Amino acid sequence: MGRGKLRIYLGAAPGVGKTYAMLSEAHRRVERGTDVVVAFVEHHGRARTEVLLHGLEQVPRRELTYRGSVFTELDLDAVLARAPRVALVDELAHTNVPGARNAKRWQDVEELLAAGIDVISTVNIQHLESLGDVVESITGVRQQETVPDEVVRRADQIELVDMSPQALRRRMAHGNIYQPDKVDAALSNYFRPGNLTALRELALLWVADRVDEYLQQYRSEHRVSKIWGSRERIVVGLTGGPEGRTLIRRAARLAEKGAGGEVLAVYIARSDGLTSASPKELAVQRTLVEDLGGTFHHVLGDDIPAGLLDFARGVNATQIVLGSSRRKSWQYVFGPGVGATVARESGPDLDVHIVTHEEVAKGRGLPVARGARLGRSRLVWGWLAGLGGPVLLTLLLNTVHLGLANDVLLYLALTVAAALLGGLYPALASAAVGSLLLNWFFTPPVNRITIADPRNILALAIFVGVALSVASVVDVAARRTHQAARLRAESEILSFLAGDVLRGETSLETLLERVRETFGMDSAALLEREGDVAPWTCAGRAGLGPPVERPEDADVDIPVGDHLALALTGRVLPAEDRRVLAAFAAQAAVVLDRRRLREEADRARALAEGNRIRTALLAAVSHDLRTPLAGIKAAVTSLRSDDVSWSEEDQAELLEGIEAGADRLDHLVGNLLDMSRLQTGTVTPLIRATDVDEVVPMALGGVPEASVELDVPETLPMVAVDAGLLERAMANLVENAVKYSPPGRTVLVAGSALADRVEVRVVDRGPGVPDEAKDRIFEPFQRHGDAPRGAGVGLGLAVARGFAEAMGGTLNAEDTPGGGLTMVLTLRAAGPDTDHPPTATAERQAA
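Residues numbered from 1 in each chain as written. Predicted model: local features only at pLDDT ≥ 70, side-chain atom pairs only at ≥ 80, totals over all residues. Heavy atoms only, no water.

(A) Local environment of the overall build of the protein. Regarding its fold elements, the protein presents 24 helices and 24 strands. A buried classification covers 42% of the 847 residues belonging to the protein. On the protein, roughly 44,500 Å² of surface is accessible, and the fraction owed to carbon and sulfur atoms is 55%. (Helix = DSSP H or I, 4+ residues; strand = E, 2+ residues; numbered from the N terminus. Buried < 20%, exposed > 50% of the residue type's maximum accessible area, 1.4 Å probe, protein only. Areas by Shrake-Rupley, 256 points an atom, 1.4 Å probe, with all protein chains shown as cover.)

What follows is the structure, encoded as structure tokens:
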């Protein structure tokens, strides 16, 4: 039996009708006689969805006990034993309860497919793994349950279940999705119109991309070369000239006129060497096309029109945008040009737009493929072999008579040698001189230009033809070998350079040193100036040569914009080296800008942090610290007064006020000291295996006894933490929760285990915190909303998160279902290698 087929109903958000559509499809298949079973479907109490389960065979679920509660999961073994033709499996991204065979439900689905069972499933766009960051930036909620994109991509069918945000919110308001007590919170948070619109667009674009992939796969499998205009896809042909910006903008305007238009800019470089295109201009054009929502492509090809058409047909383009030729009128004798050739060869299914621009007919060099230089010594020896060699060979053959056929072969060998040494032109000279000498000295009648025997005429003609052909082939092969070695070295240098610069691993001085070593120069410097008449200054330098004060004083200078130049001393570089050097110059400018931006950002960050800390400390000292001090002083003054006779009850009340003020001062000062230790990096946790149920109760000493409800089982695994830091973090979390809880509502502190982690949740029923402020409340000296000044200096949560991260854990804030805020402290479970230092407590007390 072959592998089963997977069909997925994809939605933008909960409640759009994925499960309803899946069950409707199941009923249609049952009516056609297909064996369908419900392996796992969750109706979430939605009446219309629950009704559709009637009439369908349901495989009993497997019951699992976890944390003292009973959960039901898909019974994979039962479904495999039942072996239906089609199985319905809801919520593909679901995480199974510990104890199930697989950790994820999509892994259960993979086993069903491998067994030859077709599966119909559902998933929301926010559960795709690659879109986690995007969804979090839209909704402010990080999805914990995800499914790998590849699992969904491999589906045989993907059907989008779509619904407008307004209709979905109406369904929510009518109670068709969530229970009534959760409707208001959902509508004001996750189900906001902006969130739903963005998620809907994300789902539509993702499905559109998958449809495009299926189309490309179908065209490839069926070898469809004809263009199908399913969407406007516009290819822009770039030459590296300044007119490319005009072409890109024109193509973008054309794409906007059609639905789903796409722009692809392509630059075709010859494979026989570097072209005259400006790397800086190409970089600018690449940035422009990406800013406009298009893509940039770099393609190698000797035949530019053919390469452009092949690329356009390969991406199923519908239009090509080219610029009018920059060649002058006389240059058309070399050919009709790229634009005319592309228009002629494009065919009826591909439109070609020729766009005018300011560079039309201003002239440009023809793209002649020039070979690499063979070197002066080789050229000299080549000309000596081509001109002097035939003369010496003639003198030799006049003394030794070998016959005309052998003479022709010797002259031919000399021509090949001239080609190997000096290239084509010495070989041509050798062929010409050799043919004349053969005719004069060895072809009857000798010492005359005329030839008596017609067969000798044919022999000489063949000699000249073979000599020219062999010389041309040998010359091209020699030059291509030299070019290949050079281009390989250049490509390795440029790719290594680009990788280092993109990763930010190369400093300006390191880059200049690489330039100096690569081109064998004495020194390399990056010069800059503030204006056209301002003096040049050195931004960075490498090498031991004399310093260069102006670009004109250097042996080689490459301008980068108007006020930046790369200057090198040592020797004059050839043109091909200067073109490669231009890429280095552009990268040097990028590195310089990055260094300046990083320095400015560091200075600004340090200033802002210093100002914020100073301002917050002043506020804390001026109010939060002075208030308890003032209360303590007033109570002490009253007790010491001789004018009033205090009763024992009054004295006890004043002493209690002194004690409360001292405790508050101790707490505030402790938080300030802890924050300073975190910011200076002096917190060194003593990690050891610790029982959570022993530490958490110790953190409740600063809150009223009846204000906290504990649910921390003794069966929780031990965690790898510093007991002192954990106690301090929990104390701050519990104190914060009690502070914001309404009267009569207790704070719940609950612990649970999940895989190799232990979670401690501090749950309150207070006003809660909006999604956009959940991260901000963990910053130092932050109070949320209209918290009173007496509520503290805003360090408790910052210290708690700092301690959690110092122990290798995390601290995050979540909404409490039904209203309120839940602090989730995640800790690592203790492993066999966790340290158990016997003197850890003593060391902490000594510290």
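(B) The arrangement of the side chain of E243 in detail. Note on placement: E243 falls in the loop between β9 (233-238) and α10 (244-257). For E243, a relative accessible area of 6% corresponds to the buried category. Polar contacts involving the side chain of E243 include one to the side chain of T239, which spans 2.6 Å. (Polar contact = N/O pair within 3.5 Å; in protein donor to acceptor, adjacent residues only side chain to side chain.)

(C) Here's a closer look at a nonpolar patch on the surface. On the surface, a cluster of nonpolar side chains totalling about 550 Å² of accessible area is made up of L379, W383, L387, Y425, L428 and L468. When contributions to the nonpolar patch are tallied by element, the ones reaching two or more residues are α14 (376-399) and α16 (424-442). Top element by residues in the nonpolar patch is α14. It accounts for three residues. Tracing the backbone shows L379 in helix α14. (Patch = residues over 30% accessible without salt bridge, like charges linked within 9 Å, V, L, I, M, F, W, Y side chains within 5 Å. Salt bridge = Lys/Arg side-chain N within 4 Å of Asp/Glu carboxyl O.)

(D) Local environment of the pairing of β9. Summarising burial for β9: six of the six residues are buried, a large majority. Neither face of β9 is exposed, since R233, V235 and G237 on one face and I234, V236 and L238 on the opposite face are all buried.

(E) Region of interest: the sheet that holds strand β21 (residues 747-754). Strand order in the open sheet made by the five strands is β19-β21-β22-β24-β23, with mixed pairing throughout. Looking at which strands have only one partner, the edges of the open sheet turn out to be β19 (708-711) and β23 (810-815). Across this sheet, the average inter-strand angle for adjacent strands is 20°, counted without regard to direction. Where β23 meets strand β24 (residues 821-828), six bridges bridge the pair, whose relative direction is antiparallel. The residue bridging T810 from the neighbouring strand is T826, located in β24. Running over the sheet, helix α22 (residues 723-740) touches β19, β21, β22 (757-763), β23 and β24 and is turned about 30° from β22. Across the sheet, helix α23 (residues 796-806) is in contact with β23 and β24; its angle to β23 comes to roughly 130°. (Pairing = 2+ DSSP bridges. Axes fitted to C-alpha atoms, helices over the stretch in contact; angles between N-to-C directions. Contact = heavy atoms within 4.5 Å.)

(F) View of the confidence of the model for the protein. On average, residues of the protein carry a pLDDT of 77, and 76% of them reach 70 or more. Under a pLDDT of 50 for its full length, residues 363-373 has, in the predicted model, 18 contacts with residues more than four places off or in other chains. Confidence drops under pLDDT 50 across residues 836-847; counting only partners more than four residues distant or on other chains, this segment forms 13 contacts. (pLDDT = per-residue confidence, 0-100.)

(G) View of empty space enclosed by the protein. This structure, assessed with the given rule, holds one cavity of 30 Å³ or more. Taken as a whole, the largest cavity encloses approximately 50 Å³ of empty space. Forming the boundary of the largest cavity are A12, A13, V16, V161, D162, M163, S164, P165, L168, L196 and R200. In terms of residue class, the lining of the largest cavity is made up of eight nonpolar, one polar and two charged. (1 Å grid on protein atoms, 1.4 Å probe; cavity = no way out; pocket = protein on both sides within 12 Å on 5 of 7 lines; lining within 4 Å. Points joined across faces, edges and corners; volume = space filled by probe spheres on them. Nonpolar A, V, L, I, M, F, W, Y, C, P; charged D, E, K, R; others polar.)

(H) Quick peek at the side chain of K774. Along the chain, the position of K774 falls in the loop between β22 and α23. There is a polar contact of 2.9 Å between the side chain of K774 and the backbone oxygen of V769.

(I) Summary view of unusual backbone geometry. The phi dihedral of A83 falls on the positive side, at around 50°, and the residue is not glycine. Among the structural elements, A83 can be located in the loop between α3 (76-82) and β6 (86-89). We classify A83 as partly exposed; its relative accessible area is 47%. Although it is not a glycine, E91 sits at a positive phi angle of roughly 55°. With respect to the helices and strands, the residue E91 is situated in the loop between β6 and α4 (105-114).

(J) Molecular detail of the packing of aromatic side chains. According to the stated counting rule, one finds one aromatic pair in the structure shown. A ring pair is formed by Y66 and F71, whose centres lie 6.4 Å apart and whose planes are at 55°; its orientation type is tilted. Residue class for Y66 comes out buried when judged on its relative accessible area of 16%. Residue placement shows R105 over the ring face of F40; its charged tip is 3.9 Å from the ring centre. (Phe/Tyr/Trp six-rings, centres within 6.5 Å; stacked < 30°, edge-to-face > 60°. Lys NZ or Arg CZ within 6 Å of the ring centre and 35° of its normal.)

(K) Structural context of the sheet that holds strand β16 (residues 556-559). Within the open sheet, the four strands sit side by side as β15-β14-β17-β16. Their pairing is antiparallel. Edge strands, defined here as strands with exactly one partner in the open sheet, are β15 (537-543) and β16. Averaged over neighbouring strand pairs, the angle between their axes works out to 15° when direction is ignored. Bridge count for strand β14 (residues 523-528) against strand β17 (residues 564-569) is six bridges, and the pairing is antiparallel. Across the sheet, the residue bridging to A524 is L568, located in β17.

(L) Layout of the packing of helix α15 (residues 404-422) against α16. One can describe the packing of α15 onto α16 by two numbers: an axis separation of 7 Å at closest approach and a directional angle of 160°. Here α16 runs roughly antiparallel to α15, going by the angle between their axes. Crossing of α15 over α16 shows right-handed handedness. In this structure, α15 uses L404, D407, V408, Y411, L414, T415, A418, A419 and G422 to contact α16, whose residues at the interface are L424, P426, A427, S430, A431, G434, L437, L438 and F442. Here the residues of the contact of α15 with α16 sort into 13 nonpolar, four polar and one charged. (Parallel < 35°, antiparallel > 145°, perpendicular 65-115°, else oblique. Left-handed = near helix turned anticlockwise from the far one by under 90°.)

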